[in-house]
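Spelled out from the first residue to the last, the chains are:
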There are 2 protein chains.
Amino acid sequence: MSKNPLKNIESINLGGGHRMTPQRRLVFDVLMKSQDHPTAAEVFMRVKNSMDSISLATVYNCLDTLVSAGAIKQVNLDREPSRYCGNLEPHAHFHCESCSSVLDIELNEGAEASKSVIIPKGAKAEKFEVAVRGKCPKCARRKN
Amino acid sequence: MSKNPLKNIESINLGGGHRMTPQRRLVFDVLMKSQDHPTAAEVFMRVKNSMDSISLATVYNCLDTLVSAGAIKQVNLDREPSRYCGNLEPHAHFHCESCSSVLDIELNEGAEASKSVIIPKGAKAEKFEVAVRGKCPKCARRKN
DNA sequence: TTTTTATCAAGAATTATTCTAAATAATAAT
DNA sequence: ATTATTATTTAGAATAATTCTTGATAAAAA
C-alpha cells in the first residue's frame, strides 16, 4: 500500500522519552492508509472515526511528533495548510493549481536534485525538494 | 544589481486597467534594491522610509499586483511568511534552517528540473521549483 | 506507593494574510 | 470642464491555520 518501510508504528522510536500512545498510533495508521496527503483537519476527521474523543490539538501534536521522529513527512506548498505524507521514499510533489490536490511524483534516476543546483560556498545543504505546479489529470481534462 | 530585466517599473504593464501608482513604484524599487528576500512586513518598513503614510495592507496589495503582473516573484518556504524576490532569472532558493534567511542559488545548466521528475499522465506541469534546506554560510560557520 | 514526567483536551492566543468600507484619486465620458 | 466611473488607498475588522496554556490524566521511575 504505502511506501513506508516501517511495518507498523511499534517499530518507530520516537526518541527522547516520548511514548507510543493510542492517539499517535491512530494518526500514523490514518496516514499509512491515505494516498491523498491530508491536512491536519482531514486527519482529525478520519481519526475521529476510530476515536471520537480525540482533539484537533492532539492531532497536531501527534503529527509533529511523528514528523520529528521521521515516521512521516510534512509537505508545505505555497501558502496552503500543511499536508502530511506517509511515503518516505525520495520523491517530489505535484501540486494542482485548480483543486489544490497533491500527488507524489517519482524522481528520474540519475537526476539528483543535488547536482542540479550550485550550493553557495560554505553553506551546508541538508535537504532537497522538488515541486511541480500545474493541473492534475482530473482538472486538466475539464474544459474551463 | 538585480537580475530583473525590467529597467524600471514604467516598463511594466500591470494589465487589466491597473494603474501605476507611487506606492507600487516604491514597493517595486525596494525589491530591486534588496537581495535578501524581504517579507511583506520588511518591505513595509523599508517603503515607510520614503512614504510614511503607506499602510501594510497597501504593501500587500502592491506585492500581489506586482506578482500577478510577473514583475516580481513570491517565495514560499515551509510555514514561514511569504518572501518576495526581484530576481526573475530562473533560479532556486536556499533556505537556512537556523536563521530563516533565503539565498538565491543558480541552477546548473542542462539540469532542467522538468527532466528530473516523472509527471503523471494527463497532468499539465506549468512551474518547477527547486528548494534546498540547510545552513547558510554564516550559520554553518558558527559552532553550535 | 509516591514522585516524576509525558500526554491529552479544550479553549485562548498568535500571526500572516485577506476582507470591508469609506475616502481619495485617476481616468473616461459627456 | 464637469460628471460619472473605476481603481486605489487606508484603517481596522475578520479569518484561518497553528501554537500555546492550563489543568486533568496516565504512564514510568523511584
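Everything quoted here is computed from the prediction, not taken from an experiment.

(A) Geometry of the interface of chain A and chain B. Each partner contributes residues to the interface: chain A has 40 residues there, and chain B has 39 residues. Roughly 3,400 Å² is buried in total at the junction of chain A and chain B, and carbon and sulfur atoms are behind 51% of that figure. Taken together, the links from chain A to chain B amount to two salt bridges. With its nearest N and O atoms 2.8 Å apart, the salt bridge here joins E129 of chain A to R133 of chain B. Where chain A meets chain B, there are 20 residue pairs in polar contact (both at pLDDT 80 or more). Elements represented by at least two residues in the side of chain A that touches chain B include exactly β3 (92-96), β4 (102-107), β5 (117-118), β6 (124-135) and α4 (137-141) of chain A. For the side of chain A that touches chain B, the element with the most residues is β6 of chain A, which contributes twelve residues. Of the residues assigned to the side of chain A that touches chain B, the class counts are 20 nonpolar, seven polar and 13 charged. Both β6 of chain A and strand β6 (residues 124-135) of chain B contribute to a ladder of eleven bridges, which runs antiparallel. Each residue of the ladder has a partner; that of A125 of chain A, found in β6 of chain B, is G134 of chain B.

(B) Structural detail: the pairing of β4 of chain A. Direction of pairing for β3 of chain A relative to β4 of chain A: antiparallel, over a ladder of four bridges. Residue F94 of chain A lies in a different strand from β4 of chain A, and its bridge partner there is L103 of chain A. Remark: five residues form the turn of the hairpin made by β3 of chain A and β4 of chain A, two consecutive strands paired antiparallel; S100 of chain A in that turn has positive phi of roughly 65°. Across two bridges, β4 of chain A lies against strand β5 (residues 117-118) of chain B in antiparallel orientation. Each residue of the ladder has a partner; that of E106 of chain A, found in β5 of chain B, is I118 of chain B.

Conventions we followed
- Residues numbered from 1 in each chain as written.
- Chains lettered and ligands numbered in written order.
- Predicted model: local features only at pLDDT ≥ 70, side-chain atom pairs only at ≥ 80, totals over all residues.
- Heavy atoms only, no water.
- Contact = heavy atoms within 4.5 Å.
- Buried area = accessible area lost by both parts, 1.4 Å probe.
- Salt bridge = Lys/Arg side-chain N within 4 Å of Asp/Glu carboxyl O.
- Polar contact = N/O pair within 3.5 Å; in protein donor to acceptor, adjacent residues only side chain to side chain.
- Helix = DSSP H or I, 4+ residues; strand = E, 2+ residues; numbered from the N terminus.
- Nonpolar A, V, L, I, M, F, W, Y, C, P; charged D, E, K, R; others polar.
- Pairing = 2+ DSSP bridges.

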